[in-house]
Amino acid sequence: MPAKLILSLNNSVLGEFPLDKERIILGRKAENDIQVDNLAVSGQHAAIITILSDSFLEDLDSTNGTYVNGKLVKKHALKNGDVITIGKHELKYVNDEASDEDDEFEKTMIIRPGMAGHAAAAAKAQEQAPPAAASASPGADAPAASAGMPLGKIQVLNGPGAGKELELKKALITLGRPGIQVAVITRRPQGYFITHVEGTHPVVNGESIGPQARQLKDHDVVELAGVKMEFFVS
C-alpha cells in the first residue's frame, strides 16, 4: 500500500491522497495533484518525491513557507506521522514502511525539482545511443524491463547508513547530491545500467564510468557523492 497524505483544516479531515506517483505537487491551483484552496498557499507550494518506500518534501519557493512538525523547511525526508503545514492546512504523512533512520543514504536521494525529468531524459538519450555505448533498445519501457528479470539491489558500504539495502524495483532510480554528483540507475531488458546526470562521473570498481551508460554486474561497487554502494542481484 502506498504512503498517503491526510489533508485537514481545523482538525476536520478534507481528504486522503495516496502518494502513487514519483512526484506530486501541492498548491492552490486546480491543476496540482493535491489542491489546497487557500490564499496563504502558493500556486505551486511544495512537492513530494517518492522513491520506493521513502518520500521527500521540498518547498517550491512558496511565499509563506512549508513547515514540518512546526519547523520551517526547504527539504525534508518524511517519516511516518510527520505533519506538513501549508497556510492553515495540515497534511499528515502516513507510511508504515518509511525508513526511520536519518542516515547518510537517505540524504543522497534526489529531492530537487525537475531532477526526475532530467534523469529520465538522460536515460532516454543513453537508450538511443549506439549499441556499443548503451546496449539497450530505444523506447525500452518499465513492463518490458521487469519481465523475467532478477531483482537488483544496492547496499550501502560506508557511513552511518552502512548495511542499508535498496531494492531497484522501479524502471528509474535517481541517486546523488544536487550540485555535487547525480546519477540514475535504469532497469532495462538487458539488465541494470548506471548513467551520469550531473557533476563528476560516478565511479564503478574504482574507475570512472565516463559519459556513457554502464551496465552493472553482480557485486560491482559504485561510489557516488561520497557513498560506496554494492550492486548485487538477488
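Residues numbered from 1 in each chain as written. Predicted model: local features only at pLDDT ≥ 70, side-chain atom pairs only at ≥ 80, totals over all residues. Heavy atoms only, no water.

Student: So what exactly am I meant to see when it comes to the pairing of strand S20 (residues 221–224) here?
Tutor: Consecutive side chains of a regular strand alternate in pointing toward one face of the sheet and then the other. Side chains of S20 alternate between two faces, with Val-222 and Leu-224 buried and Val-221 and Glu-223 left unburied. As defined by bridge partners, strand S17 (residues 203–204) adjoins S20 across two bridges and the pair is classed as antiparallel. Of the residues in S20, the one forming a bridge with Val-203 is Glu-223. When S20 meets strand S21 (residues 227–233), the two strands line up antiparallel, connected through four bridges. Of the residues in S21, the one forming a bridge with Leu-224 is Val-227. Between S20 and S21, which pair antiparallel in sequence order, lie two residues; one of them, Ala-225, sits at a positive phi of approximately 55°. (Buried < 20%, exposed > 50% of the residue type's maximum accessible area, 1.4 Å probe, protein only. Helix = DSSP H or I, 4+ residues; strand = E, 2+ residues; numbered from the N terminus. Pairing = 2+ DSSP bridges.)

Student: Before we go on, may I ask you to explain the packing of aromatic side chains in this structure?
Tutor: Ring pairs (aromatic) are described by centroid distance and by the angle formed between their planes. This structure, assessed with the given rule, holds one aromatic pair. Over the ring of Phe-193 we find Arg-188, and its NZ or CZ is 4.5 Å from the ring centre. (Phe/Tyr/Trp six-rings, centres within 6.5 Å; stacked < 30°, edge-to-face > 60°. Lys NZ or Arg CZ within 6 Å of the ring centre and 35° of its normal.)

Student: What's the story with the sheet that holds strand S11 (residues 89–94) in this structure? I'm lost.
Tutor: Two modes of strand pairing occur in sheets, parallel and antiparallel, and in both the strands are linked by backbone hydrogen bonds. Spatially, six strands are ordered S2-S1-S11-S10-S7-S8 in an open sheet, and the strand pairing comes out antiparallel. If you trace the sheet from one side to the other, it starts and ends with strand S2 (12–18) and strand S8 (71–73), each paired once. Across the sheet, the mean angle from the axis of one strand to that of its neighbour is 30°, orientation sign disregarded. (Axes fitted to C-alpha atoms, helices over the stretch in contact; angles between N-to-C directions.)

Student: Please clarify how the sheet that holds strand S4 (residues 34–35) should be interpreted in this entry.
Tutor: Read across the open sheet, the five strands follow the order S4-S3-S5-S6-S9; overall the sheet is mixed. Looking along the sheet, the strands with just one partner apiece sit at the ends: S4 and strand S9 (75–77). In this sheet, strand S5 (residues 46–51) lies alongside strand S3 (residues 23–27) in antiparallel orientation, the contact comprising four bridges. Note that in S5 the partner of Leu-26 across the bridge is Ala-46.

Student: I keep staring at the confidence of the model for the chain and nothing clicks. Help me out?
Tutor: Any segment with low pLDDT has predicted coordinates that should not be analysed in fine detail. The share of residues in the chain with pLDDT of 70 or more is 76%, and the mean pLDDT across the chain is 78. Mean pLDDT across the elements of the chain ranges from a minimum in helix H3 (residues 131–134), with 37, to a maximum in strand S10 (residues 83–86), with 96. Note that residues 99–114 has pLDDT below 50 and, in this model, 58 contacts with residues that lie over four places away or in other chains. (pLDDT = per-residue confidence, 0-100. Contact = heavy atoms within 4.5 Å.)

Student: Can you walk me through the side chain of Thr-66 in this structure?
Tutor: Relative to the helices and strands, Thr-66 is located in strand S7 (residues 66–68). A polar atom in the side chain of Thr-66 sits 3.3 Å from the side chain of His-45. Sequence-distant contacts of Thr-66, defined by excluding residues within four places in its chain, comprise His-45, Ala-46, Leu-57, Asp-59, Lys-71, Leu-72, Val-73, Ile-84, Thr-85 and Ile-86. (Polar contact = N/O pair within 3.5 Å; in protein donor to acceptor, adjacent residues only side chain to side chain.)

Student: Looking at this structure, I do not really get the environment of Asn-69. What am I missing?
Tutor: Position of Asn-69 among the secondary structure elements: in the loop between S7 and S8. C-alpha separation for the pair Asn-69 and Asp-82, spaced 13 residues apart in sequence, amounts to 6.2 Å. Here Asn-69 is in contact with Gly-81, Asp-82 and Val-83, once residues within four sequence places are set aside. One polar contact links Asn-69 to Asp-82, side chain to side chain, over a distance of 2.9 Å.

Student: Would you explain the pattern of salt bridges in this entry?
Tutor: Note that side chains of opposite charge can pair when their charged atoms are close. This model, assessed by the stated rule, comprises seven salt bridges. Between Lys-74 and Asp-59 there is a salt bridge; the shortest N-O distance is 3.4 Å. Taken as a pair, Lys-74 in the loop between S8 and S9 and Asp-59 in strand S6 (residues 54–59) lie far apart in primary sequence, 15 residues in all. Taking relative accessible area as the criterion, Lys-74 reaches 44% and is therefore assigned partly exposed. For Asp-59, a relative accessible area of 5% corresponds to the buried category. Here Lys-169 makes a salt bridge to Glu-167, at a shortest N to O gap of 3.2 Å. On the accessibility criterion, Lys-169 (52% relative accessible area) is exposed. According to the relative accessible area criterion, Glu-167 is partly exposed, its value standing at 28%. Each member of the salt-bridge network shares a partner with another, and the members are Lys-153, Glu-165, Glu-167 and Lys-169. (Salt bridge = Lys/Arg side-chain N within 4 Å of Asp/Glu carboxyl O.)

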